[in-house]
2 protein chains.
Amino acid sequence: MAGDGSDQRALQYEQTLMYGRYTQELGVYAKEEAARLRESGQRRSVSRTLDLLEYDKGRCAKCRICTVRCQKFLISRVGEDWIFLILLGLLMALVSWVMDFCIAICLQAQKWMYGGLDSNVFLQYLAWVTYPVVLITFSAGFTQILAPQAVGSGIPEMKTILRGVVLKEYLTFKTFVAKVIGLTCALGSGMPLGKEGPFVHIASLCAALLSKFMSLFGGIYENESRNIEMLAAACAVGVGCCFAAPIGGVLFSIEVTSTFFAVRNYWRGFFAATFSAFIFRVLAVWNRDEETITALFKTSFRLDFPFDLQELPAFAVIGIANGFGGALFVYLNRLIVQFMRKQKAINRFLMKKRLLYPALVTLLISTLTFPPGFGQFMAGKLTQKESLVTLLDNRTWAKQGIAEEFDYIGHSEAWKHPQVNVFVTLVLFIVMKFWMSALATTIPVPCGAFMPVFVIGAAFGRLVGESMAAWFPDGIHTDGTIYPIVPGGYAVVGAAALSGAVTHTVSTAVIVFELTGQISHILPVMIAVILANAVAQSLQPSLYDSIIRIKKLPYLPELGWGHHEKYNIRVEDIMVRDVRYITLNCSYRDLHNVLLTGHLKTLALVESTESMILLGSIERAQLQALLSLQLGRPRRLAYIRERAVEDKKRLSVVSNDSSENSSHRASQEVRFQISTEDSSLSPTRPVPLKPLKPALKRSSVVERPTEIPTGPHDHSGIALKNLFCASPDTEALEKNNNMDSPMSPELRRPPKRVRISVVDDVDVEDDMTIREITEWEEKQLDEQVNFNNCKIDPAPFQLVERTSLHKTHTIFSLLGLDHAFVTSIGRLIGVVSLKELRKAIEGSVTVKGAKVRPPLASFRDSGTSSSENEATELHKLWDRHKSMPLPREHTPSESDEKSQ
Amino acid sequence: MAGDGSDQRALQYEQTLMYGRYTQELGVYAKEEAARLRESGQRRSVSRTLDLLEYDKGRCAKCRICTVRCQKFLISRVGEDWIFLILLGLLMALVSWVMDFCIAICLQAQKWMYGGLDSNVFLQYLAWVTYPVVLITFSAGFTQILAPQAVGSGIPEMKTILRGVVLKEYLTFKTFVAKVIGLTCALGSGMPLGKEGPFVHIASLCAALLSKFMSLFGGIYENESRNIEMLAAACAVGVGCCFAAPIGGVLFSIEVTSTFFAVRNYWRGFFAATFSAFIFRVLAVWNRDEETITALFKTSFRLDFPFDLQELPAFAVIGIANGFGGALFVYLNRLIVQFMRKQKAINRFLMKKRLLYPALVTLLISTLTFPPGFGQFMAGKLTQKESLVTLLDNRTWAKQGIAEEFDYIGHSEAWKHPQVNVFVTLVLFIVMKFWMSALATTIPVPCGAFMPVFVIGAAFGRLVGESMAAWFPDGIHTDGTIYPIVPGGYAVVGAAALSGAVTHTVSTAVIVFELTGQISHILPVMIAVILANAVAQSLQPSLYDSIIRIKKLPYLPELGWGHHEKYNIRVEDIMVRDVRYITLNCSYRDLHNVLLTGHLKTLALVESTESMILLGSIERAQLQALLSLQLGRPRRLAYIRERAVEDKKRLSVVSNDSSENSSHRASQEVRFQISTEDSSLSPTRPVPLKPLKPALKRSSVVERPTEIPTGPHDHSGIALKNLFCASPDTEALEKNNNMDSPMSPELRRPPKRVRISVVDDVDVEDDMTIREITEWEEKQLDEQVNFNNCKIDPAPFQLVERTSLHKTHTIFSLLGLDHAFVTSIGRLIGVVSLKELRKAIEGSVTVKGAKVRPPLASFRDSGTSSSENEATELHKLWDRHKSMPLPREHTPSESDEKSQ
């Protein structure tokens, strides 16, 4: 048995390589890797010290000792959190600043080209259009080739990662390079794209890489929960150094990435984000862009009378309208993605020429913004930053327009059109930018939607403000002093409200204060943001949640406001009662059957079928390893050797039936039994790849097919192969399957990737026929399982039947669970996974296999059927103890309030 | 058996009334109560509708129907969260505004009195001193009489309540009245006290009362987790409407009250706090105090060049100095409290005259601030608000002082002294106010320390700013333009830093932005606040945590920054291995013994001593009820009846020993066995009451002694009495005992409050002698326990041996646990309570009874002693299943990473 250990481990390792996506397995791997690296690092540092001593021969000994000590001290200090956070902040500030610098150069280059060709409109047009098309195409191609994971915002993925799901290749150096370069090009093109979302991803990448780098020095960087904490801080840094908004950054990152957050992470975030924002702004001062540290889009509204109380209805209107606008934006964005996916003809065409779609979209958008063309009606020549600066201007445009004294200074000139009113320009700007932004954010380049939405919101606010200013030229206030209306303030309110509505956050309010450097409009902004959120949240999910759903990432919907019925649904109403389990004394055949039928990542281990006492849970991979071990070639060879030693009298008593068939039939029988749960998931049906699908999951399938050998000993494990074939790609699917059953079609592939590593035993010849093998395997399957080498999780998370949905949701999101067993006095009675929870929250509690009850059915006293059911089953357990009367729970409705 | 149910329930009810402090039991009670109220409410509303119909006879029928429908609609809407939040916000804004109004009147009255008597200094002094002494004494007396729970800040208590502990009488109407009136008087006296902390408490009171009131209309108000959520929102409202700072309020309340925070609560907080702040400011506009909605302490620093980059070191110095200052303040405050407690002579004297201490402190402070006296050197005539306004002034005092042109306007004049420099005035102000504030906050009136600390911080910042201005009269900037230094900006930074240091929060930064209406100093403020926090957190706990420790409230210390060793401590290093448990087939004697010895709130129920499989946990009270039922009078009477029916032949076979003695001896034996854990807690030792002890826990002991009857049937349960005597006041202690073992001495009282309700059975005469009773009881104790009527918690929270301390802390604080069982493959092997966790975090892992290991001992592989230990014990379980080989965990270091 001991000799087979290495074989089994090799197999496990193979599986890790092949399907290795889990926190646990990766964690082990990371630890080993880190230990290896640390060791080599120590060796290196020792040799370095020696070198130093060698080199310093000439100097005095004291100096040398001092240097070595300093070095040691520094290395020991490297482990401290604050060092890490400062480094992270510094790095991100530099990245942000350099990127801004490059983007500015790109945009200037476009302007210069456009300006230089003003003799010929056609050439001008060509220059105006070609430049962004080239940049976007390059960005899309570069990202696609280097790391397709870098596409898009990154916030949805970070939300998923912070929830505890490990997304493959999302935090690698390649992704970092692809994201940074891709984003710079994308933003340099002048398309309506943002840098905020990608910056969250970049900061997380930075944190992950820095963490990996720092683990060369100290041991704590191996700790996974610490790394998650650091990622949370990194998200804050990302937003913070993007807008020089540390407070808003922390809050925004909390709102978009967490359901629950630890106040200690919030600390880390504040520290790192402040440092990062500080360095970011100091760089600008050093570069002589600014005289001192100020806000990014500094405004200068009057302080003594920022707004009148009677203007509040207008602010409320902005809030409500922007709420609808935000919901519409999210809807439009999703609609475009889904439309592009559904159109098979377009799809097939675009799939072939991957870069065509970005190029076409860019062409369309840049054509429409061409300043001598349609662009003149929508301030097309302004970059995003310039538009925002002009929109937040504290002068009033409309009033001056009425007075025929149009003295726009600098960029504001772009809003002026000889024939057309400034209102028309603003309306056109809003409408055109709205769909352009929604369309542009579907391009597969690294890009965010926050900034475009922010600008649109500001434009809308400005529109309302200008209207108000035109309506009340002398302000509303009636007490003598004239306080004219400040349309810039409306723009601030609008920007915060629309971006808040799209992202479902209130912290955009704080971001605008930090961006503009003025907090005088705090109450209007807060009111508008809250109203916008209230409207948008009741209509659509947030943009990030929408993308999570589109990308089919695992998610757990939020419990909305005031869904009171959620308090009344209990776990027993949603749990799956037909749990797959294995018993302590089960045979390998049982194991085989259970593995064939279930698809949960972990299986419950109970004492016996009678008692059903939950002892722990075992990972699927462990069981597969057990089974492989039992049916593997080494064991069979050992058997052959044994047989050779024994007499030859029981040579060939063949079983009547082809055992492969029988085992297959058996497996089908069992499949039939439980297929209520996942009948839609027919695993062998190949589905064509779809274009525009974010590359998130494809990589694992597309990139690795060559690695999978179909070795010569494929016939060695027939039942095993049967197992792997029947539940294909199980490992890779588990996590997803578990959470997100209607999965992306790319993952439902026929199982061609089975690899069973075999250590050849050269001294015996494998002369068994297939029939003999199947016979031997049948025999092996009847043996009792030896859990000796199996990793058992001794305390899986347990819920009680009466735990409320509200509490279950809290616990799932707090602890990042993907399933929990439901027990009653030690007995396993059900299981709840994310799937059930999600269905229950989203309203369709009609899960197959789950008992559906009306929400109010849980208000029951101790005498109802459920308790009695339990009682009859409990008898079995009880009967072992002198047939005593059963314990009955006294006040059942409160029993769950204490267990958690 | 069924007949005894009502009796038992009556007993349970009694216990709830007597010791009822637990979430669960109160929950049941509240539900019953709410159901009753709702029912009566419905009846009332029906009758009201009828009345309405009666009354509206004259009008048209449509109108009537419409009215009824509207009413119905409104009542149905009342359940919505947002209605509740709006009502809460409105209410709190009104309370805040009215209080501010009253405080202003009080302060004006004092000024008027002081000003009117300017002919005679002595009379002036009398007026100046008497007024605050009377107000403070009234406040202290009123609070003491009406609701001693209203004393102090309230934030520590709210932190405890939000952690899931139910503090008695803390959220009642009486407390509300006491807090509001007490606080108004206390602040009206002009002492250096704040309103912020108490406002958090008042808002929570409001929310609790409103919730109670609203539950008359809808059902959801009964839900406890919803109430906790609403309390969290209420804390935000409290801060928000106190400072008109919604964002800062939300963040501050999160930081001071939570360890983990749900983003959905944060939403509620934002909504309610914004609404509240809005109404609060609108009231000021309506009252013509302000022209429009602006910040409370509006500043008008220049926007274009708020500060120079080279001023940042000065800001950093403010941060670091204020960090030390904050730690010193907390230390000083604690020192004063502890000093007052220790001085027995003073204590005894002050105890007698409860109001003497407040009066003396007030006298001292007001004497020192007397303007013609020492007060002239420390701007003594300014109220707290006036001081703050002058400190945040945007003009520079020192420069003008140098230029001999001293033109202070308005209140600023107070800082000017003919003989003394403004620097001396500021230094004296800081030093005097520092100890005065630390002293004043120990007065037993409703008061906070935030505002005084804020003012001191502002003064310190101003001092640094004025020094800088004197040092660089033309500013630091060298590029031609002269930007003079703005000392007001330094004051803002100082205020945020010191208040941040004292409370250990960074959100004070946001609060100052909202208070001053300017965000231009964001980076200096953030840097100073972070530095101040870093210094203060490494020296002292926050003021609120300090108070929590002084008041001996249950708490869980935070995991500090960068305590890496915490990641390496595992549960097995800190758990108590000697767990009290009961088995399914135990006798009542076992139960009795277990109850006598343990003090945990809940006891583990295992299958049997051999298997140790954890089936659930039972509350102590349940077991006590079981035992009372078994030994209670009704059962004994039934026995007498039975005996009467039977023949008289087994009349008096007395046991040789006095059974009471024997049972007592047995209990002592067991006590000896386990007394390692709590040997310091000798339960029958009476400890004298200590003065100045916050009234938090006394009430339960002091207020109710009259209710406890020593009925005529006291002799009916000797063993029972023994039980209750040996573990006195168990119910009331449990929660505390569990969390906070070195408890406040008031709680360790001899048990005089045992009450066993007895339903008399009139037809039989209780003619048993004490000897007979004990004999009968001995017999009863040998019977097997019938768990029939026992409420079993079927899934208590379980941890694994290898769960890290970090994760354990997270789970405990997330779920508000006070203990968790440690299991290994279903078997109970230990228990971890808050006590152990706290000791482990605070560094002294040398808990008695817990196995102490060096932190790194947990890095062990599968072959070490612990696993083998487990294996040998597991054999017992395993042997029932055909003596198979034991399962062994493969890679033990990762097994815990998946269970939670």
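Residues numbered from 1 in each chain as written. Chains lettered and ligands numbered in written order. Predicted model: local features only at pLDDT ≥ 70, side-chain atom pairs only at ≥ 80, totals over all residues. Heavy atoms only, no water.

Observations concerning the overall build of chain A
Of regular secondary structure, chain A possesses 35 helices and eight strands. In chain A, which comprises 900 residues, the share counted as buried stands at 62%. Taking the intrachain contacts of chain A between residues at least 6 apart in sequence as the baseline, contacts between residues at least 24 apart amount to 79%. When the accessible surface of chain A is split by element, carbon and sulfur atoms take 60% of a total near 34600 Å². (Helix = DSSP H or I, 4+ residues; strand = E, 2+ residues; numbered from the N terminus. Buried < 20%, exposed > 50% of the residue type's maximum accessible area, 1.4 Å probe, protein only. Contact = heavy atoms within 4.5 Å. Areas by Shrake-Rupley, 256 points an atom, 1.4 Å probe, with all protein chains shown as cover.)

A word on helix 8 (residues 196–214) of chain A
Taking 1.5 Å of rise per residue, the 19 residues of helix 8 of chain A would be expected to cover 27 Å, and the 26 Å separating its terminal C-alpha atoms lies within 8% of that figure. In terms of burial, helix 8 of chain A is a largely internal element, 17 of the 19 residues being buried. (Expected span 1.5 Å × (residues − 1).)

A word on the sheet that holds strand 8 (residues 827–833) of chain B
Backbone hydrogen bonds hold the strands of a sheet together, and the pairing may be parallel or antiparallel. Residues and elements named next belong to chain B. One open sheet holds the three strands; their spatial order is 6-7-8, and the pairing between them is mixed. Across the chains shown, the open sheet's two edge strands, defined by having one partner strand only, are strand 6 (798–799) and strand 8. Relative to strand 7 (residues 819–824), strand 6 runs parallel, the two being bridged by two bridges. Within strand 7, the position partnered with Leu 799 by the bridge is Val 822. (Pairing = 2+ DSSP bridges.)

Remarks on the environment of A:Val165
Tracing the backbone shows A:Val165 in the loop between helix 6 (155–162) and helix 7 (173–188). Considered as a pair, A:Val165 and A:Leu799 are 634 residues apart in the sequence and their alpha carbons are 21 Å apart.

Quick notes on the sheet that holds strand 2 (residues 581–583) of chain A
Residues and elements named next belong to chain A. A sheet is described by the order of its strands in space; here four strands give the open sequence 2-3-4-5, paired in mixed fashion. Strand pairing shows two members of the sheet lacking a second neighbour, strand 2 and strand 5 (792–793), which therefore form its edges. Pairing between strand 3 (residues 602–606) and strand 4 (residues 614–619): five bridges, direction antiparallel. Residue pairing for strand 4: Thr 602 is matched across the bridge by Glu 619. Sheet strands touched by helix 25 (residues 620–631): strand 2, strand 3 and strand 4. Its angle to strand 4, the strand with the most contacts, is close to 80 degrees. (Axes fitted to C-alpha atoms, helices over the stretch in contact; angles between N-to-C directions.)

Considering the pairing of strand 7 of chain B
Residue and element names in this part refer to chain B. Summarising burial for strand 7: six of the six residues are buried, a large majority. Both faces of strand 7 are covered, namely the face carrying His 819, Phe 821 and Thr 823 and the face carrying Ala 820, Val 822 and Ser 824. With helix 32 (residues 805–815) bridging strand 6 and its parallel neighbour strand 7, the resulting β-α-β unit is right-handed. Here six bridges tie strand 7 to strand 8, and the two strands are oriented antiparallel to one another. For Ser 824, the partnering residue across the bridge sits in strand 8 and is Arg 827. (Right-handed = clockwise from strand over helix to strand, strands pointing away.)

Comments concerning the packing of helix 4 (residues 81–116) of chain A against helix 7 of chain A
All names here are of chain A. It is the contact of helix 4 with helix 7, at a shortest axis distance of 8 Å, that shows an interaxial angle of 35 degrees. Crossing of helix 4 against helix 7: the hand is right-handed. Residue-level contacts link Val 95, Met 99, Cys 102, Ile 103, Cys 106 and Leu 107 of helix 4 to Phe 176, Val 180, Leu 183, Thr 184, Leu 187 and Gly 188 of helix 7. Considered class by class, the residues forming the contact of helix 4 with helix 7 number ten nonpolar, two polar and no charged. (Left-handed = near helix turned anticlockwise from the far one by under 90°. Nonpolar A, V, L, I, M, F, W, Y, C, P; charged D, E, K, R; others polar.)

Here we look at the pattern of salt bridges
Residues and elements named next belong to chain A. Under the definition given, this model contains ten salt bridges over all chains. Between Glu 466 and Arg 462 there is a salt bridge, and its shortest N-O distance comes to 3.0 Å. With Glu 466 and Arg 462 both in helix 18 (residues 450–471), this residue pair falls four residues apart, about one helical turn. For the pair formed by Glu 466 and Arg 462, the shared burial category is buried. (Salt bridge = Lys/Arg side-chain N within 4 Å of Asp/Glu carboxyl O.)

Focus: the nonpolar core
Counting 320 residues, the largest nonpolar core has A:Ile247, A:Tyr266, B:Ile247 and B:Tyr266 as its most contacted members. Ignoring any residue separated from it by four or fewer positions in sequence, one finds B:Tyr266 in contact with A:Leu251, A:Glu255, A:Val506, A:Ser507, B:Val250, B:Leu251, B:Ile254 and B:Phe261. A:Leu805, A:Ala840, B:Leu814 and B:Leu837 belong to the second-largest nonpolar core, a separate cluster that totals 46 residues. (Core = buried A, V, L, I, M, F, W, Y, C linked by side-chain atoms within 4.5 Å.)

Focus on the packing of aromatic side chains
Ring pairs (aromatic) are described by centroid distance and by the angle formed between their planes. Residues and elements named next belong to chain A. Evaluation of the coordinates by the stated rule reveals 32 aromatic pairs over all chains. Aromatic rings pair up to connect Tyr 114, Tyr 125, Trp 128 and Phe 370 into one cluster. Here the basic side chain of Lys 195 rests over the ring of Phe 199, its NZ or CZ set 4.7 Å away from the ring centre. (Phe/Tyr/Trp six-rings, centres within 6.5 Å; stacked < 30°, edge-to-face > 60°. Lys NZ or Arg CZ within 6 Å of the ring centre and 35° of its normal.)

Side note on a nonpolar patch on the surface
Among the surface-exposed residues, A:Leu87, A:Leu90 and A:Leu94 lie close enough to one another that they form a single nonpolar patch of about 210 Å² accessible area. Along the chain, A:Leu87 falls in helix 4. (Patch = residues over 30% accessible without salt bridge, like charges linked within 9 Å, V, L, I, M, F, W, Y side chains within 5 Å.)

Regarding the side chain of A:Thr425
All names here are of chain A. Inspection of the secondary structure assignment puts Thr 425 in helix 17 (residues 422–440). Given a relative accessible area of 0%, Thr 425 falls into the buried group. Sequence-distant contacts of Thr 425, defined by excluding residues within four places in its chain, comprise Phe 377, Met 378, Ala 379, Trp 415 and Val 420.

A look at the environment of B:Ser520
In this fold, B:Ser520 is placed in the loop between helix 20 (508–516) and helix 21 (522–539). The class for B:Ser520 is buried, based on a relative accessible area of 13%. With sequence-adjacent residues up to four places away left out, B:Ser520 is seen in contact with A:Gly517, B:Pro306 and B:Phe307. Among the polar contacts made by the side chain of B:Ser520, one reaches the side chain of B:His521 at a distance of 3.5 Å. (Polar contact = N/O pair within 3.5 Å; in protein donor to acceptor, adjacent residues only side chain to side chain.)

Looking at the packing of helix 10 (residues 246–257) of chain B against helix 11 (residues 263–286) of chain B
What describes two packed helices is the angle between their axes and the distance between those same axes. Residues and elements named next belong to chain B. Two elements in contact, helix 10 and helix 11, have axes separated by 8 Å at closest approach and are oriented at 135 degrees. Relative to helix 11, the element helix 10 is oriented oblique. By crossing handedness, the relation of helix 10 to helix 11 is classed as right-handed. Residues Pro 246, Ile 247, Val 250, Leu 251 and Ile 254 of helix 10 lie in contact with helix 11, whose contacting residues are Tyr 266, Gly 269, Phe 270, Ala 273, Thr 274 and Ala 277. A class-by-class count of the residues in the contact of helix 10 with helix 11 yields nine nonpolar, two polar and no charged. (Parallel < 35°, antiparallel > 145°, perpendicular 65-115°, else oblique.)

Topic: the state of the cysteines
Residue and element names in this part refer to chain B. Per the stated rule, a full pass over the model turns up zero disulfides over all chains. Free cysteine: Cys 447, not disulfide-bonded; nearest cysteine sulfur from Cys 185 at 13 Å. Residue Cys 447 is classed as buried on the basis of its relative accessible area, which comes to 3%. (Disulfide = S-S within 2.5 Å.)

Considering the confidence of the model for chain A
For any part of a model where pLDDT is low, the fine detail of the predicted coordinates should not be relied upon. All names here are of chain A. The predicted model of chain A has a mean per-residue pLDDT of 71, with 67% of residues at 70 or higher. Confidence scores differ between elements of chain A, with helix 28 (residues 698–702) showing the lowest mean pLDDT of 34 and helix 19 (residues 487–503) the highest of 92. Throughout residues 41–56 the model reports pLDDT below 50, and contacts reaching past four residues in sequence, or to other chains, amount to seven contacts. A low-confidence stretch, residues 401–406 stays under pLDDT 50, and its non-local contacts, those more than four residues away or across chains, total six contacts. Both confidence scores are given for the complex: pTM 0.72, ipTM 0.71. (pLDDT = per-residue confidence, 0-100.)

A word on unusual backbone geometry
One non-glycine residue, A:His504, adopts positive backbone phi at about 60 degrees. You can see A:His504 is positioned in the loop between helix 19 and helix 20 (508–516). A residue is classified by how much of its surface remains accessible, and A:His504, at 14% relative accessible area, is buried. One non-glycine residue, B:Ala244, adopts positive backbone phi at about 50 degrees.

What to know about the environment of A:Ser611
The residue A:Ser611 is located in the loop between strand 3 and strand 4 in this model. Along the sequence, A:Ser611 and A:Lys344 sit 267 residues apart, while their C-alpha atoms lie 54 Å from each other.

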